[in-house]
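For reference, the chains in residue letters:
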Amino acid sequence: FRLSTLAEGEIHLFESEKSLSPADLEKVRSKEMRELVNYGFGVHNAGLLRKDRNFAEEQFSRGKIRLMVTTATLAWGVNLPAHCVIIKG
């Protein structure tokens, strides 16, 4: 998805005007998540460290993460305002 979005020049649709600072990025332990949040994407699942889950929630609520992908079970617990929620079972 990321590669096709980059290739088609549509990544700007997800990038936040509120970019993350290097200090913000240093808080993230997961290398993959650090790369995703640079593009406005976030993940939230039980496989992440609690610190990274808290970071994702905080940045989503601040508008720095514009698209959050999570499991359905965890989506109920995130309790953050979102414009659209899609739950596929």
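One can find the structure itself at the top, above this paragraph.
Rules of the game
Residues numbered from 1 in each chain as written. Predicted model: local features only at pLDDT ≥ 70, side-chain atom pairs only at ≥ 80, totals over all residues. Heavy atoms only, no water. Helix = DSSP H or I, 4+ residues; strand = E, 2+ residues; numbered from the N terminus. Buried < 20%, exposed > 50% of the residue type's maximum accessible area, 1.4 Å probe, protein only. Contact = heavy atoms within 4.5 Å. Pairing = 2+ DSSP bridges. Right-handed = clockwise from strand over helix to strand, strands pointing away.

(A) Inspection of the environment of Ile-65 at higher detail. Topologically, Ile-65 is positioned in the loop between helix 4 (50-61) and strand 2 (67-70). Judged by relative accessible area, which is 1%, Ile-65 ranks as buried. Counting along the chain gives 46 residues from Ile-65 to Ser-19, while the straight-line C-alpha distance between them is 9.0 Å. In this view, Ile-65 contacts Val-37, Gly-40, Phe-41, Gly-42, Ala-56, Gln-59 and Phe-60; residues no more than four positions away in its chain are not counted.

(B) Representation of the pairing of strand 1 (residues 41-44). Summarising the sheet, strand 1 and strand 2 pair through four bridges and their orientation is parallel. The residue bridging His-44 from the neighbouring strand is Thr-70, located in strand 2. Crossover strand 1 to strand 2 through helix 4 is right-handed.

Shape is all these values report; function is a separate question.
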